[in-house]
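Chain residues, written in single-letter form:
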Amino acid sequence: MAKFDHIVILTGAGVSAESGVATFRDAGGLWEQHRIEDVATPEGFQRNPALVYDFYNQRRAKLGTVEPNGAHTALARLQAEHNGRVTLITQNVDNLHERGGFSGVMHMHGELTKARCMACASVHQWMDAFDGATPCPTCTHTALRPHIVWFGEMPFHMDMIADALGDADLFISIGTSGNVYPAAGFVQEVRARGAAHTVEINLEPSAGASLFAECRHGPAATLVPDFVDEILGD
Ligand code: APR
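Computed from a predicted structure; not experimentally measured. (Residues numbered from 1 in each chain as written. Predicted model: local features only at pLDDT ≥ 70, side-chain atom pairs only at ≥ 80, totals over all residues. Heavy atoms only, no water.)

Enquirer: Lay out empty space enclosed by the protein with the relevant residues and their values.
Expert: Tallied over the full model, the rule gives one cavity of 30 Å³ or more. Its volume calculated, the largest cavity comes out at about 30 Å³. Looking at the largest cavity, the residues that line it are L75, L78, I172, I174, I201, V224, F227, V228 and I231. Those elements that place two or more of their residues in the lining of the largest cavity are α6 (70-81), β7 (170-174) and α10 (220-232). For the lining of the largest cavity, the per-class residue count stands at nine nonpolar, no polar and no charged. (1 Å grid on protein atoms, 1.4 Å probe; cavity = no way out; pocket = protein on both sides within 12 Å on 5 of 7 lines; lining within 4 Å. Points joined across faces, edges and corners; volume = space filled by probe spheres on them. Helix = DSSP H or I, 4+ residues; strand = E, 2+ residues; numbered from the N terminus. Nonpolar A, V, L, I, M, F, W, Y, C, P; charged D, E, K, R; others polar.)

Enquirer: Would you mind going over the nonpolar core in detail, with residue names and values included?
Expert: I7, I9, I172, I174, I201 and V224 are the most contacted members of the largest nonpolar core, which totals 24 residues. Residue assignment for this core shows that the elements contributing at least two residues are β1 (6-11), α6, β2 (85-90), β7, β8 (197-202) and α10. At six residues, α10 tops the list of elements feeding residues into this core. The contacts of V224, once residues within four sequence positions are left out, are A71, A74, L75, I174 and I201. (Core = buried A, V, L, I, M, F, W, Y, C linked by side-chain atoms within 4.5 Å. Buried < 20%, exposed > 50% of the residue type's maximum accessible area, 1.4 Å probe, protein only. Contact = heavy atoms within 4.5 Å.)

Enquirer: Which residues make up the site of the ligand, and what are the values?
Expert: Taken together, 23 residues form the shell around the ligand, and within it F24, R25, W31, T176 and S177 come nearest. Take Q91: an N or O atom from its main chain is 3.2 Å from an oxygen atom of the ligand. Separating an oxygen atom of the ligand from a side-chain N or O atom of T176 is a distance of 2.7 Å. When the ligand is considered free in solution it has 740 Å² of accessible area, and contact with the protein chains removes 94% of it. When the residues that make up the shell around the ligand are grouped by side-chain class, the tally is nine nonpolar, 10 polar and four charged. Of the residues that make up the shell around the ligand, three or more belong to each of domain 1 (6-21 + 68-109 + 155-232) and domain 2 (25-65 + 112-148). (Near = heavy atom within 4 Å. Polar contact = N/O pair within 3.5 Å; in protein donor to acceptor, adjacent residues only side chain to side chain. Areas by Shrake-Rupley, 256 points an atom, 1.4 Å probe, with all protein chains shown as cover. Domains from an automatic or database assignment.)

Set out below in structure tokens:
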């Protein structure tokens, strides 16, 4: 395995699937049970806030019943043992990368465990349920919303992400179907900026599989630890 300095990783729902967290587009996934326009858009929240609060309260409560899997802990081991930089960008809103030991995760689609006040813009760590009657701890207005990026909203950390993609020596995409931009275009940004090696690790070929120099298809909890061993030269 060549020597890589800056390793940039993008993860999607597939990295948490073996922990028992539902993905979006697999059979039985979240978008089979709910319409995106009802629970993951500003318009849906405006139309029926109770439905949206409940959707995220249920997913937040589920976090207490699942554990990180071998893919999460392997990425934390890579961060701890790689003598170079490791940047982790996730589309996921669960906290399993952190609970698996990775620090400094960039949640480009937000986090289930945070609430944001629409009155004062303060963001609060929040593990329990909340709704339109819950007062903001900072300004006391009842204007809290999930700190989640909905369709049509700007993902978080895009400047830092662009810098990382332009500086990557190895780009690894794990557990994402490659259906949603801007994340689905990251591999093209990496390829346009330099000679980074690009690897897809996914249960099956994603929509962007042909854009990667290397593809490894199978369960992340098996393939990611193996790949981390190769990178670390174990
Ligand atoms: N190991 C590896 N990959 C897996 C596993 C597994 N055990 N199980 C499923 N996958 C793969 C699926 O093959 C699929 O390609 O994970 C991918 C999950 O795809 P999606 O459900 O579309 O999830 P994701 O790509 O993260 O969605 C991106 O879409 O709805 C929005 O905001 C939401 O962040 C989400 C974004």
